[in-house]
Every structure is written in C-alpha cells, then in structure tokens.
Amino acid sequence: MPRSLFPASTPETRARLHQDPTLKLLNDYDWAANPLGPINTWPESLKGAVRVMMAASTPMAMLIGWQGILVYNHGYARFSGNRHPAIFGMPAVQAWPEAAEFNADKVDRCMRGETVTLKDQELVLDRHGQPETSWLDLHYSPVLDEDGLPIAGICVVIETTDQILAKRALARSEERLSLALSGSGLVGTWDWDVPADTVTADDRFADLFNLDPLKAGLGVPIKDFLAAIYPDDAVRVGEEIAASIRDRATFRSEYRVMSREGIVRWVAASGRPRFNSEGAIQRFPGVLVDITDQRRITEALAESELRFRTLADAMPQMVWSTLPDGNHDYYNARWYEFTGVPVGSTDGEGWNGMFHPDDQERAHTVWRHSLQTGEPYEIEYRLRHHSGTYRWTLGLALPMRDAAGAIVRWIGTCTDIHAAKLAAAERELVSQELSHRIKNIFAVLTGIVGLSARSRPELKPFADELRQRIHALGEAHDFVRPHSNDSLPTTSQTSLRALIARLMQPYQSAEFARVQFVGDDAVIDDGAATPLALLFHELATNAAKYGALSVGTGSVVLTGTRHADGRYHLAWKEAGGPAVTGGKTGGFGTRVIELSVQGQLRGQLERFWDEDGLRVEIDLPGDALTRSAKLQG
C-alpha cells in the first residue's frame, strides 16, 4: 500500500521531493497510528490541498478535522522552532497548549466554513525553550471535500514580530527624540530644494515662521520663510545664505523671527548646501534652534557686567577680582591710574611684583590663608605708585559664593591710606610728646607736694596721700593715653581687668594673688580711667591701712557683671582682714570715691561692713566706661 503523498512519482522525483525534510517526514510518518489514517485513505481534496501547502515556501499549516490534526510545510517547521518535529501530526490544541483555546476556536470556525484574517495577532509561544511574545499575520481558510463540506482549515502564517518590535522601538526613539528636542530648544528641520525653490519643514518649524504646517510639509517657496524674519535681520540672513552657497561653506546664522502676535524670538540656524556631480546646488538642509532664553541671559550678563565696570571705575578705590584659585583677572581704571602699569600686565600672579619687597611675603601669606579658608582678606601693605614711590594701601577682599556655598570669585579693593598713615605717625609723635609732658607735670606736682611737706612737717601725712593720688592719676593717664598699633602693648590695654592689674600691682604678694578680678571684663577709655583709678586707689589704700590688705593673709576679689540692659556692676569684696563693725565715711577719701562714682561715672555706690570684711557694690550705666566715645558721638 503506497504511503507517499505522490504515489505515482518516479524514484528520481521522489528523491528530489524528499530533499524537503518536512515532506519526507510527512511521507515517512506512520499515519496508520494517527486518527487521520493512511495517506491513501485521505479525500482527494485534502491530499491536493496538502500537496499545494507542502510545495509553498510561505509558512503554512493544515488543521485537519474537528481534532485539528497539525500538518505543516517546511516554512512552518522553521517557525515552530524547538517544537518541530514533535508536534507534527498532533492535534493543534496539544501541540501548542499555551494557545490551546485560541487554536480550538480557529479549528471550530474553519470546520464551520468560516474564513478568518488576523493582523499582528499577539501570542505567547514557547518555541525556543521559554515563553516569548510573538506577533503574527494569520489567514485561515476552510478546505472543502467533494461534497463541498469543510474537512480541514489551512492557515498561512506570516510572523511580524521583528516589524512590530522595530515599530515600537522607532516610536520610543521618536518619543525620546521629541523630548530631547523639546528640552534642547531645537525648533525643527528644513530641506530646501533649491532648483525647485521649495522648502519643506516640520510642524514646529512652520509654526515659528507663521506658516501652515500642512503647506510647509508639502513645500513652499523660501521667500515665505524669509518673510517672518525680523526686518533688521532679513537682508543679512539672505546674504549669509547666498555666501554659503557661493563658498560651499556651512551656513550658521543667528537672527530674530517675529510671530503674528508681534513676539520676537532669537533663533540659531545651521545648514550645509548639497551639490550634484556637475557642481550645481541641489539641496540645502538644516536645523533651527530657539536661543531666545540664552540671548536674554547673555544680554542680562552683558548689562550687569557694564553696570559693574561703570560702578567699579567710578569708585575712588582700586577694585580687582580673582577666580576661586586667586588668579587675578580684572582691575578697574583706578588701579591702572594708581600703578601706571599697562592694562593686563598684572593679571594672574603678575600683581605680586607691585608690593614693596618687605611686604611681599607677608601679603602673600595672608592672601593664601584667605583662599584656603574662605575668610575675608584684610591687610595693609605698600604698593608701588606710578611715580616710582611706594604708598601705603589697605587691601580688602570678600568671597562670592554660589547657592551651594562654594566660592566662585573674590572681589577686592585697595584703598590709598598713605596720607592717613603719615598723619597717624605724626599724631603718635605728638601724643608721645604730650604724654611725656603730662607725666613731667605729675612729677613736678609730686615734687612740689614733697617740698611743701618738708617745710610743714604737720602736713606730711596729707602730702603722702596726695602724692599717692597723683601717682594713681599718672598711672591711669599712661594706661589709656592714645596709642598707635606700634606702641600698643597688648590687645587688652584698655580693659578694666588690665587697669586693675596695673593699679593693684603694689599690693600683690609673691605667695598668692591678693587682689583678683573675676567675671565680665569691660572696655574703658581715657574719660573713665581717671575716676576709676582714683576709686581703686582709695579702696586699696583704705584696705592697706584698715582692711584686708593690712594683714598678710587678707585678699580682695573684684567681680564684674554685665547685665542684659547694658548696665555694669562691680563688686569690691575684702576677706581675711581684721574684723570690722563699721567704717568712717565722711573723710576726704570717701568724698573722692563718691565724686568718682556718682559725679563722673554717674553711678551708685553702697558699702556693706560684712563680718568677714568690707563689701562695696558699684552700679554703673553701660556707657559710663566709654565716656569719651559718647562725647564724640
């Protein structure tokens, strides 16, 4: 019994046909064990349809009978992947269990004589060892027997997976491109067919040039685009286009475009002319970018720079700026007027040579410290003048920081303080001479008092007290006399703590500090120093005669307290001296104390004779310690 689909074929023809492995599989298949039965029992219409299918190169499958027995050609075998050849001769619902419901429906419809066409049908199939999404064009048609009844369905399978994925990738790419273009300011593209004088452009490009996007897509004359260019720029742009074609060069131009509403926008156009083999211009494609925001920023920066330079040049000081690393890149007109150097010659590190040789290292050290720490720069140094001399200047600089706090620039000034330095030196000489003469006056007064006491022995105790008071005044004067930076001994020279330490030095002991100051210190000036010196002198003298300082174990503690309202409280507390029950308050020393506190310092004073020693509470207004500053204001 012949088993071949082509029983009458010659051995040669059969050998040729069996070069198709799927056709050979069909002929060698044991159809007797299949519900279809041997091939020779199949209806002629079915065998004819199978012959046509097996000869076709397009993937095709036959779903035979209500069971949908699967018979297919070599194209479908390749489509089946790893499923072939195991699924050959199986019911379709078993061959593709992941699509069983789908295939059962198509078998049913074909057996009912229906034709089904599906475009880009999405199916999840396991063809290569794992489920994967596939897209297929499927065309189902019934196969009729001699009685005109359906006996099978034939399906043409065209896989469109690659096309679908490509379309989706293209759509994603276009979406990303659209987002990128929107974010980059790119308006669109154009392509000018020069011989035909037709410019085609995309929608955004056309809209900017006040043209109908549909017409621009089909092509319009270039004059329609040029009509939207700002009148002051139109002639120039036309000349630049002509020059690009003439010179065969890249076209780049920035110009303004005016909308129908009168809104002006800046654009940057770039393109390149294309020529044929004969050298004739054919096309002129290009792109357009909206640079309105950049132009506004640039113009604002230029205006800001102009304002800065105008302001800097109008200032009497020399103004300069540096990059964060300290590299100088700007000086105003005053700098060049002062130094007389050529413009730009002191940029970078060139300005170091402008310092006096004795000041260069010091100035460089201070400047590097500011660059490293971000601290303000302040220093006095000598700068070379255009006359060839060196003049004292005050250098100041502050850092400019961005939103994150990083230094982006240093802005500095140099102020000519040469005259002020000379005047200060002269004042120092005058001050020293005046101080010397005042101290001589105190010495003369002390001598006169001493001579008077020798001629009047009964006045010696009073004379001694007077000399001590004059000495206290001399100490106060020397303590607060005007000082220059060179003559000022310490930064605490004019503090209350320092004045007390100086006046109480004669009463201290080598074993321990008999007089101590604790609490809040205060700044004092020459206006307050005199009454304070008399106050402390009288208190210390009395303590040395009658109180804690009259014995070796006694001590005094002065406590300063600054209150929130600005008032200053000073407490004098003696301890370790003779027991006291009261004191004399009507003597000359008492009147000196009261005059000093109540009269000159506008304060209040109270005495308390505690069991362990005298306590004096002094309350002063906040401005009483800097009386000279108040008078000057």
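Bear in mind the structure is a predicted one, so any value in this text is a computation, not a measurement. (Residues numbered from 1 in each chain as written. Predicted model: local features only at pLDDT ≥ 70, side-chain atom pairs only at ≥ 80, totals over all residues. Heavy atoms only, no water.)

1. Here we look at the sheet that holds strand 14 (residues 377-384)
Here we have five strands laid out as an open sheet, ordered 13-12-16-15-14, and antiparallel in their pairing. The sheet terminates laterally at strand 13 (328-331) and strand 14, the two strands that pair on one side only. Geometrically, the sheet is characterised by an average inter-axis angle of 25° between neighbouring strands, direction not taken into account. Two strands pair when backbone bridges link them, and strand 15 (residues 390-401) and strand 16 (residues 407-416) are joined in this way by nine bridges, in the antiparallel orientation. From the neighbouring strand, Gly395 faces strand 16, where its bridge partner is Cys414. On top of the sheet, helix 14 (residues 360-373) reaches strand 12 (318-322), strand 13, strand 14, strand 15 and strand 16; it is set at about 145° to strand 14, its chief contact. (Pairing = 2+ DSSP bridges. Helix = DSSP H or I, 4+ residues; strand = E, 2+ residues; numbered from the N terminus. Axes fitted to C-alpha atoms, helices over the stretch in contact; angles between N-to-C directions. Contact = heavy atoms within 4.5 Å.)

2. Focus on the confidence of the model for the chain
Residues shown with low pLDDT carry predicted positions that ought not to be read at fine detail. A residue-level look at the chain finds 84% of positions with pLDDT of 70 or above and a mean pLDDT of 83. Across residues 488-492, confidence stays below pLDDT 50; counting only partners more than four residues off in sequence or on other chains, it has four contacts. In this model residues 629-633 is a low-confidence stretch, pLDDT under 50, and it forms three contacts with partners more than four residues away in sequence or in other chains. (pLDDT = per-residue confidence, 0-100.)

3. Details of helix 3 (residues 44-55)
Here helix 3 contains 12 residues, and its C-alpha end-to-end distance of 17 Å stays within 8% of the 16 Å for a straight helix at 1.5 Å per residue. Inspection of helix 3 places Leu46, Lys47, Ala49, Val50, Met53 and Met54 among the buried residues, and these make up the whole buried set. An end-on view of helix 3 places all buried positions within 160° of arc, on one side of the element. Opposite the buried face of helix 3, at more than 90 degrees from it, the exposed residues are Val52 and Ala55. Elements that come into contact with the buried residues of helix 3 comprise helix 2 (21-28), strand 1 (60-64), strand 2 (69-72), strand 4 (131-144) and strand 5 (150-159). (Expected span 1.5 Å × (residues − 1). Buried < 20%, exposed > 50% of the residue type's maximum accessible area, 1.4 Å probe, protein only. Arc of directions from axis to C-beta.)

4. Quick look at the pattern of salt bridges
Applying the stated criterion across every chain yields a total of 32 salt bridges. The partner of Asp224 in a salt bridge is Lys223, and the shortest N-O contact between them spans 3.2 Å. Residue Lys223 is classed as exposed on the basis of its relative accessible area of 57%. (Salt bridge = Lys/Arg side-chain N within 4 Å of Asp/Glu carboxyl O.)

5. Here we look at the pairing of strand 15
Across eight bridges, strand 14 lies against strand 15 in antiparallel orientation. Its bridge partner lying in strand 15, Glu380 is registered against Leu394. If you look at the hairpin formed by strand 15 and strand 16, you'll find five residues sitting between the two strands, and Gly405 has a positive phi there, around 90°.

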